[in-house]
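Examining the three-dimensional arrangement
Listed below, chain by chain, are the residues.
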Amino acid sequence: MEENTEGYGLAEGKILLIWTILFVVVLLPSVFRISLGISHFYVKILITMFEWATLKIEEGVKKQKAMALENLISTGIIQRDKTSMEEELAGQRGGCFNLADVMYFFKKGCEAVAEDEVTQRFSSEELVSWNLLSRTNANLHHVSWHLTVVWVIGILIRYCLLMPFRICLAVFTILLLISATTVVGQFPNGRVKHWVANQVQMICATLGVRCLSGLVHFHNRENRPQEGGICVANHTSPLDVLILASDGCYSLVGQTHGGFLGLIQKSCMQTTQHVLFERSEMKDRHLVRKKIREHIADKAKLPILIFPEGTCINNTSVMMFKKGSFEVGGTIHPVAIKYDPRFGDAFWNSTKHSMMTYIFNTLSSWAIVCNVWYLPPMVKEEEEDAVHFANRVKAVIAARAGMSVLPWDGGLKRKKVKESFKEEQQKKYCQLVIENGSVGNGNVC
């Protein structure tokens, strides 16, 4: 009995020692915000494994089928023309109204029914190659027994080794954030409190990224948002805030919450001035703009972080930027964020998954790898309205991240198309007919 007790105690001590070493390896570098190269080495191993899996898939699946699958994933089931309405109809008409014009709108309607370019942005990004995660669109572990063995080993590593450690580190990080902000909040206002609060925020954010085995590449750090400015970025995931906060401090604009998330908000408010609103106030755009304008007027306050899309998009495109944040004035600091989907799906489809499901999927993924580009600051030009300024900033962000630009409102994830969008297409066609002189002359082809 005594030998069993000693053996159990020895094993328990070894496990405790291993976890302590892991925490020290992760915690201390996070405090000083340095990298030991472990994440880079881990990602290189994953890339090698994915390349090997791709070769096995190509051996087990006929090349023709693989090429067809790749083409389907990369181009979709609809091959769309890049020409505009004016260009396409000009080739069909002879300078007058043509009844065949209805075929253009019929074709566009059929394309939208089969595969529209908006709703597919609200589902997970398709992968050309399989990343050994069964939740992804291509589930090919049955192709060969070698692949099946590696897939099973991957499940054991992710759920039995990585995930328990990540959960423990996440709980530690949350407790550290709440306790540290509570203590720092008691400091008298001044430079010391401001500096300590910023360090606490960045350390906790860095630990949060480490919870996901995150590897973030920051580019052009000389363009990082300055105090008193507005930082705008494309929005893929709640992780966007965590990633940006690990490299700088921001004030957030958002709605007040209750429960556990409300507790974290209250803790952060003790050290950092965020622009938070009640649900009823969020509908008052004038009040929101007023509070943002007051915040950026004080050059001593942190830059405000805003996601103008207003919802999460699936890492493939940038949708309409709402003009509100571009009406308050000040300097806009654009930031482009692009995730690597091979290691894990960072996109949060809030209409399909709850926050807890999303957190579970993220913690059980291989890793979160992304690139962040700080772009040169931009200001509104003379005689430029907020809508054109927002579109100019959106185009710069999309070009840097290699994403497509879509004019549609991200609110279409939960709402129907506005009548104004339909009227805009009708006005374009009417203008085209009028310019051709068909109206008033009685010309019908």
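Data block above holds the structure.
This next bit is on the packing of aromatic side chains. Across all of its chains, the model carries seven aromatic pairs by this definition. Between the aromatic rings of F321 and F326, the centroid separation amounts to 6.2 Å while the plane-to-plane angle is 20°, which identifies the pairing as stacked. You can call F321 buried: its relative accessible area is 4%. Overall, the relative accessible area of 2% leaves F326 in the buried class.

Moving on, we get to the environment of Y250. If you trace the backbone, Y250 turns up in the loop between α8 (239-245) and β3 (251-255). The residues touching Y250, leaving out its near neighbours within four places in the chain, are Q201, P225, C231, L244, A245, T272, H274, L302, P303, L305 and Y374.

On the surface, W145, V149, I153, I157 and L161 cluster together to form a nonpolar patch covering roughly 490 Å² of accessible area. By the element assignment, I157 lies in helix α6 (residues 145-184). Residue classification places I157 among the partly exposed positions, given a relative accessible area of 35%.

So, about the sheet that holds strand β1 (residues 215-219). Spatial strand order, β1-β8-β7-β2-β5-β3-β4: seven strands in an open sheet with mixed pairing. Only two strands of the sheet have a single neighbouring strand rather than two, namely β1 and β4 (275-277). Averaged over neighbouring strand pairs, the angle between their axes works out to 25° when direction is ignored. For strand β2 (residues 230-233) and strand β7 (residues 332-339), the ladder comprises four bridges, and the chain directions are parallel. Bridge pairing in β7 links I230 to I332. Sheet strands touched by helix α13 (residues 386-401): β2, β7 and β8 (369-374). Its angle to β7, the strand with the most contacts, is close to 35°.

We now examine helix α7 (residues 191-211). Taking 1.5 Å per residue, 21 residues should reach 30 Å; α7 reaches 30 Å between its end C-alpha atoms and fits that length. Of all the 21 residues making up α7, 16 are buried; the element is thus mostly covered by neighbouring parts of the structure.

Take the packing of α6 against helix α12 (residues 355-363) next. Where α6 contacts α12, the two axes come as close as 9 Å, and the packing angle between them is 125°. Taken together, the axes of α6 and α12 lie oblique to each other. Contacts from Y159, M163, R166 and I167 in α6 reach F360, T362 and L363 in α12.

About the thresholds
Residues numbered from 1 in each chain as written. Predicted model: local features only at pLDDT ≥ 70, side-chain atom pairs only at ≥ 80, totals over all residues. Heavy atoms only, no water. Phe/Tyr/Trp six-rings, centres within 6.5 Å; stacked < 30°, edge-to-face > 60°. Buried < 20%, exposed > 50% of the residue type's maximum accessible area, 1.4 Å probe, protein only. Helix = DSSP H or I, 4+ residues; strand = E, 2+ residues; numbered from the N terminus. Contact = heavy atoms within 4.5 Å. Patch = residues over 30% accessible without salt bridge, like charges linked within 9 Å, V, L, I, M, F, W, Y side chains within 5 Å. Areas by Shrake-Rupley, 256 points an atom, 1.4 Å probe, with all protein chains shown as cover. Salt bridge = Lys/Arg side-chain N within 4 Å of Asp/Glu carboxyl O. Pairing = 2+ DSSP bridges. Axes fitted to C-alpha atoms, helices over the stretch in contact; angles between N-to-C directions. Expected span 1.5 Å × (residues − 1). Parallel < 35°, antiparallel > 145°, perpendicular 65-115°, else oblique.

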